Amino acid sequence: KQNQEAFYSYTSPLPEDKVGLQGMWNIGPEAITSASDDAVLSLNFLANHVYLVMQAPEISEVTVLLDGNPVAQKYFTADMRDGKLRVHDARMYNILDLNHDYGRHTLTMKFPKNVTAYAFTFGANAH
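Presented here is a report on the structure given in the accompanying data block. Note that the structure is a prediction, hence the values are computed from the model and not measured.

1. Looking at unusual backbone geometry
And then number 1: Look at the link from S12 to P13: it is a cis peptide, with omega at -5°.
And then number 2: One can find P13 in the loop between strand 1 (5-8) and strand 2 (19-27).
And then number 3: For D67, which is not a glycine, the phi torsion comes out positive at approximately 55°.
And then number 4: By the secondary structure assignment, D67 is in the loop between strand 6 (60-66) and strand 7 (69-70).
And then number 5: When its relative accessible area of 41% is taken as the criterion, D67 is described as partly exposed.
And then number 6: The backbone of N114 shows a phi angle near 75°, a positive value even though the residue is not glycine.
And then number 7: Here N114 shows up in the loop between strand 11 (103-111) and strand 12 (116-123).

Put into structure tokens, the structure is as follows:
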């Protein structure tokens, strides 16, 4: 049986260490895929580094916000350009590098259609 597309929403603020979805998503057993151009994934996290395994059938720009604002340039990663991630190849993308500003934050990612996200991983230490 194929996965079904469904509309998701959540009430802010997100509880600690929880993920919230907004918009149309297709939820599978090991991944989620955006089913519309305004799909949003939010995460309440405590870490210095945030990574997410993603892929897309074509180069797709995912907009990243930190605590509701554009990500400060000092937190950009090698995978980020102008506050956006260019997702295509299936791999682990480096979403945020908060340097030594370790703390609890809310990450918001705005997805175009057909971007698949697999699993978040985190790092607490600066490298």
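So much for the structure itself; the text now carries on.
2. Regarding the pattern of salt bridges
And then number 1: One pass over the structure, following the stated rule, counts five salt bridges.
And then number 2: Between R104 and E16 there is a salt bridge, with its nearest N and O atoms 3.6 Å apart. Here R104 is found in strand 11, whereas its partner E16 is found in the loop between strand 1 and strand 2, with 88 residues between them in sequence.
And then number 3: Its relative accessible area of 30% is what places R104 among the partly exposed residues.

Cut-offs and rules
- Sequence positions are assigned chain by chain, starting from 1 and proceeding in written order.
- Note on the predicted model: pLDDT of at least 70 is required for a residue's local features to be given, and 80 or more for side-chain atom pairs to be given and counted; whole-chain, interface and lining totals, by contrast, use all residues.
- Side-chain measures here rest on the full set of heavy atoms in the structure, leaving out hydrogens and waters.
- Only DSSP runs of H or I with at least four residues qualify as helices, and only runs of E with at least two residues qualify as strands; both kinds are numbered from the N terminus onward.
- The rule is simple: take the accessible area with a 1.4 Å probe, protein chains only, and divide by the maximum for that residue type; under 20% is buried, over 50% is exposed, in between is partly exposed.
- Just to be clear on terms, a salt bridge is a Lys or Arg side-chain nitrogen sitting within 4 Å of an Asp or Glu carboxyl oxygen.

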